[in-house]
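# Coordinates in review
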Amino acid sequence: MYNISRLHPRAESLRSREMLSQSLERGLLVPQGLIAYGRGEAFDYLFGERTIPAARNAIRAAAAQMILADRPVISVNGNVASVAAKGVATLSKITGADVEINLFYRSQERIRKISGVLRDAGIRNVLGVDPAYQKRIPELCSERRRVDSRGIMKADVVVIPLEDGDRTESLRKMGKLVIAVDLNPLSRTSQSASISIVDDIVRVIPHMIDQIRYLNRLTDEEIHHIASSFDNSANLGSVLSYLAHRISRLSTKRQEKS
Ligand code: ATP
Ligand code: MG
């Protein structure tokens with residue numbers, strides 16, 4: 001692997017780029033996955049490449065909902081498997097969530113490779129692989145309409161990092177509580193999820209693991225309160241205000257310099 005100095009100011013993003021490029025070479029990822037990453041990365045730059053307070057709020061609410069869920073499922077695509085497989089394995093272990101592969105550009109070859117990476121990370125039972133359990137989400141025409149009858153089909157809470165808007169909307173129509181991780185606060189996914197975490201998936205997973213460990217020490221009542229008092233629309237508003245303030249501050253500094 002190309003050697004990335006930890007002192008480089010953008011080391012995290014370079015590491016993700018490197019892992020995604022390798023995944024492309026190994027056939028886990030399609031080129032469109034790189035474009036999706038680039039769009040997310042551009043937003044991350046605007047946020048200052050850190051987890052902003054509104055993202056922390058959303059992560060706390062998401063952690064509470066995962067603890068309260070009867071059947072949580074984490075949906076994984078090529079990008080997520082490339083940069084966060086180990087974290088997904090830990091998250092699945094501490095919440096009891098199933099892990100299901102869902103691909104927009106679906107092929108048996110990619111499914112086989114991605115499930116290999118997930119198994120190597122420690123996830124024993126990867127769903128979305130066996131065609132015998134395939135079901136279709138109504139009203140959706142892309143390849144992503146396929147879901148596992150033992151996983152997303154039965155789930156009450158679904159975590160969807162880097163998801164497509166059509167599918168997010170369909171999952172909501174099916175009555176699922178949808179937790180999105182998407183750096184674009186304006187995407188249809190962020191706009192239609194139940195909880196929208198606007199942050200990089202690489203940072204979200206460890207924060208989520210920490211939150212779940214912390215919340216597990218609270219009473220059921222306290223966890224319920226955290227889950228029910230979260231307002232996604234207001235929180236997305238805070239994300240946009242943060243962005244507006246940051247850009248305004250940066251432009252003021254420039255004007256002062258000139
Ligand atoms: P939508 O279908 O929801 O309207 P879109 O069509 O603009 O969104 P997609 O290609 O469907 O985008 O989904 C990819 C999304 O993943 C993008 O919105 C991008 O911001 C986000 N994304 C990419 N990389 C990351 C990452 N590392 N962490 C979090 N989000 C990411
Ligand atoms: Mg889309």
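The sections below set out a description of the structure shown in this document. (Residues numbered from 1 in each chain as written. Chains lettered and ligands numbered in written order. Predicted model: local features only at pLDDT ≥ 70, side-chain atom pairs only at ≥ 80, totals over all residues. Heavy atoms only, no water.)

## Here's the deal with the overall build of the protein chain
A tally of regular secondary structure across the protein chain gives ten helices and eight strands. Taken over the C-alpha trace, the protein chain has a radius of gyration of 18 Å; the compact-globule value for 258 residues is 18 Å, and the two agree within 12%. With the C-alpha coordinates of the protein chain rotated into their principal frame, the extents come out at 65 × 50 × 35 Å. Of the accessible surface of the protein chain, which amounts to about 13,100 Å², a share of 50% is contributed by carbon and sulfur atoms. (Helix = DSSP H or I, 4+ residues; strand = E, 2+ residues; numbered from the N terminus. Rg over C-alpha atoms; globule rule 2.2 N^0.38 Å. Areas by Shrake-Rupley, 256 points an atom, 1.4 Å probe, with all protein chains shown as cover.)

## Things to note about the site of ligand 1
Near ligand 1 you find 17 residues, and of these Arg39, Gly165, Asp182, Thr189 and Ile201 are the closest. A distance of 2.7 Å separates an oxygen atom of ligand 1 from a polar atom in the backbone of Gly165. Side-chain polar atom of Thr189 to an oxygen atom of ligand 1: 2.6 Å apart, as the coordinates give it. Coverage of ligand 1 by the protein chains reaches 86% of its 630 Å² of free accessible surface. Counting only elements with at least two residues in the shell around ligand 1, the list comes to α2 (31-47) and α7 (188-192). (Near = heavy atom within 4 Å. Polar contact = N/O pair within 3.5 Å; in protein donor to acceptor, adjacent residues only side chain to side chain.)

## Some words on the environment of Tyr37
Looking at where Tyr37 falls in the secondary structure, it is placed in helix α2. Spatially, the C-alpha atoms of Tyr37 and Ser16 are 9.0 Å apart, while their sequence positions differ by 21 residues. Aside from chain neighbours lying at most four places away, what touches Tyr37 is Ser13, Ser16, Arg17, Leu20 and Asn79. (Contact = heavy atoms within 4.5 Å.)

## As for the packing of helix α3 (residues 53-68) against helix α8 (residues 201-215)
Two elements in contact, α3 and α8, have axes whose closest approach is 9 Å; the angle formed by their N-to-C orientations is 55 degrees. Comparing their axes, α8 and α3 come out oblique. As α3 runs across α8, the sense of the crossing is right-handed. Taken together, the residues of α8 that come into contact with α3 (itself represented by Arg56, Ile59, Arg60, Ala62, Ala63, Ala64, Met66 and Ile67) are Val204, His207, Met208, Gln211, Ile212 and Leu215. (Axes fitted to C-alpha atoms, helices over the stretch in contact; angles between N-to-C directions. Parallel < 35°, antiparallel > 145°, perpendicular 65-115°, else oblique. Left-handed = near helix turned anticlockwise from the far one by under 90°.)

## Notes on the sheet that holds strand β7 (residues 177-181)
The strand order β3-β2-β1-β6-β7-β8 describes an open sheet built from six strands, whose pairing is parallel. Either end of the sheet is taken by a strand with one partner, and the two such strands are β3 (126-127) and β8 (195-197). Across three bridges, the pairing between strand β1 (residues 72-76) and strand β6 (residues 157-161) is parallel. Directly across from Ile74, in β6, lies its bridge partner Val159. Here helix α4 (residues 78-95) sits on the sheet and contacts β1, β2 (98-101) and β6; the angle it forms with β1, its principal contact strand, is near 170 degrees. Sitting on the sheet, helix α5 (residues 108-120) touches β1, β2 and β3, and the angle it makes with β2 is about 155 degrees. (Pairing = 2+ DSSP bridges.)

## A word on the pattern of salt bridges
Considering all chains together, one arrives at eleven salt bridges under this definition. The partner of Glu49 in a salt bridge is Arg10, with the nearest N and O atoms 2.9 Å apart. Linking Glu49 in the loop between α2 and α3 with Arg10 in the segment before α1 (11-26), this pair joins segments that are 39 residues apart in sequence. Taking the relative accessible area as the measure of exposure, Arg10 reaches 19% and is therefore buried. (Salt bridge = Lys/Arg side-chain N within 4 Å of Asp/Glu carboxyl O. Buried < 20%, exposed > 50% of the residue type's maximum accessible area, 1.4 Å probe, protein only.)

## Overview of the environment of Pro161
By the secondary structure assignment, Pro161 is in strand β6. By relative accessible area, which is 5% here, Pro161 ends up buried. Once residues lying within four places of it in the same chain are set aside, the contact partners of Pro161 are Ser75, Asn77, Val80, Val181 and Ile201.

## Concerning the pairing of β2
Direction of pairing for β1 relative to β2: parallel, over a ladder of four bridges. Across the sheet, the residue bridging to Ile74 is Val99, located in β2. Following the backbone out of β1, through α4 and into the adjacent parallel β2, one traces a crossover that is right-handed. Pairing geometry for β2 and β3, over two bridges, is parallel. Of the residues in β3, the one forming a bridge with Glu100 is Leu127. Taking the sense of rotation as the criterion, the β-α-β connection linking β2, α5 and β3 turns out right-handed. (Right-handed = clockwise from strand over helix to strand, strands pointing away.)

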